[in-house]
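# Topology and contacts: notes
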Amino acid sequence: MVARHDQTADPVLLEGLLQARRGTAFFARKLNELTDAELDGDSLLPSWTRRHVVAHVGYNARAVARLVEWADTGVETPMYPSAEVRNHEIDFGATLSPIALRNLFDHSAVHLNVEWRDLPADNWHHKVKTVQGRTVPAEETVWMRTREVWVHAVDLDNGATFTDIPEPVLERLLMDITGAWHARGTDEALVVEVTGQASPLTFGDTASASPTVVSGSLPAIARWATGRGTDGTTAKRDGTSLTPAPPAPAWI
Ligand code: ZN
């Protein structure tokens, strides 16, 4: 029998799936607002046109779907055979005709959604491996995709901003990024403060005696932390303002 709804009943996972689906719909909307000619324009990512972003998001859905298939069948299928293959695929995808590029995005998103929907509840706990080599439960594929669609919708550079991204997505993104800095030790003497929250959010080297403190709203801080600009942030060290805020440590 073909499943018509998600097989999992886990409320946290269902909420995550909702954010992934909303993000996919948001990306689709921004993509549909672009004319074919506008696809040739620059994205916010260095050396990538909008075509590269669309190709990457399409191939990312296929790669994430491979992990879900792995969790379903137990047959190991990595996201990408290698980093070279991944990069080559994006460069190739960027040369596709506008209709083919749009189809790549649409079809890959539908396929991934079907894989998620039909994955039996227990298989969501099966272990798969990310492109960085981390072993994670299949549940993690939902977040991997959520991050991609929301942030790359902004990268299309036709009006989406970090304020369009739901707060729970921004918070988790910030936890991911600051966690990566911490693991690499690149957050030394750096404190990140999210203002305007009911309960204040602080990340980074909070034990430092004289840290550089970068503050701003959740969208502004998430934007800065992903390396996409300093608008809406302020920074100070030992009571002295630093303008603009220093660039965030590398994330990926
Ligand atoms: Zn990406």
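About the criteria used
Residues numbered from 1 in each chain as written. Predicted model: local features only at pLDDT ≥ 70, side-chain atom pairs only at ≥ 80, totals over all residues. Heavy atoms only, no water. Salt bridge = Lys/Arg side-chain N within 4 Å of Asp/Glu carboxyl O. Buried < 20%, exposed > 50% of the residue type's maximum accessible area, 1.4 Å probe, protein only. Helix = DSSP H or I, 4+ residues; strand = E, 2+ residues; numbered from the N terminus. Axes fitted to C-alpha atoms, helices over the stretch in contact; angles between N-to-C directions. Parallel < 35°, antiparallel > 145°, perpendicular 65-115°, else oblique. Left-handed = near helix turned anticlockwise from the far one by under 90°. Contact = heavy atoms within 4.5 Å. Nonpolar A, V, L, I, M, F, W, Y, C, P; charged D, E, K, R; others polar.

When the charged atoms of two side chains with opposite charge come close together, those side chains can pair. Tallying each qualifying case throughout the model produces 11 salt bridges. For arginine 29, the salt bridge is made with glutamate 33, and the minimal N-O distance between the two is 3.9 Å. The class of arginine 29 is partly exposed, set by a relative accessible area of 48%. Judged by relative accessible area, glutamate 33 falls into the partly exposed class, the value being 43%. Taking the shortest distance from any N to any O, the salt bridge between aspartate 36 and arginine 102 comes out at 2.8 Å. Separated by 66 residues along the polypeptide, aspartate 36 in the loop between α1 (11–32) and α2 (50–73) and arginine 102 in helix α4 (residues 98–118) bring together distant segments of the chain. Of the residues examined, aspartate 36 reaches a relative accessible area of 42% and is grouped as partly exposed. Overlapping salt bridges bring together Arg29, Lys30 and Glu33 as one network.

Turning next to the packing of α1 against helix α5 (residues 140–155). Look at α1 against α5: their axes get within 8 Å of each other, and the N-to-C directions meet at 30°. On the basis of their axis angle, the class for α1 and α5 is roughly parallel. For the crossing formed where α1 meets α5, the hand is left-handed. Facing Leu13, Gly16, Leu17, Gln19, Ala20, Arg22, Gly23, Thr24, Phe26, Phe27 and Lys30 of α1, the residues of α5 in contact are Val142, Arg145, Thr146, Val149, Trp150, His152 and Ala153. For the contact of α1 with α5, the residue count by class is 9 nonpolar, 6 polar and 3 charged.

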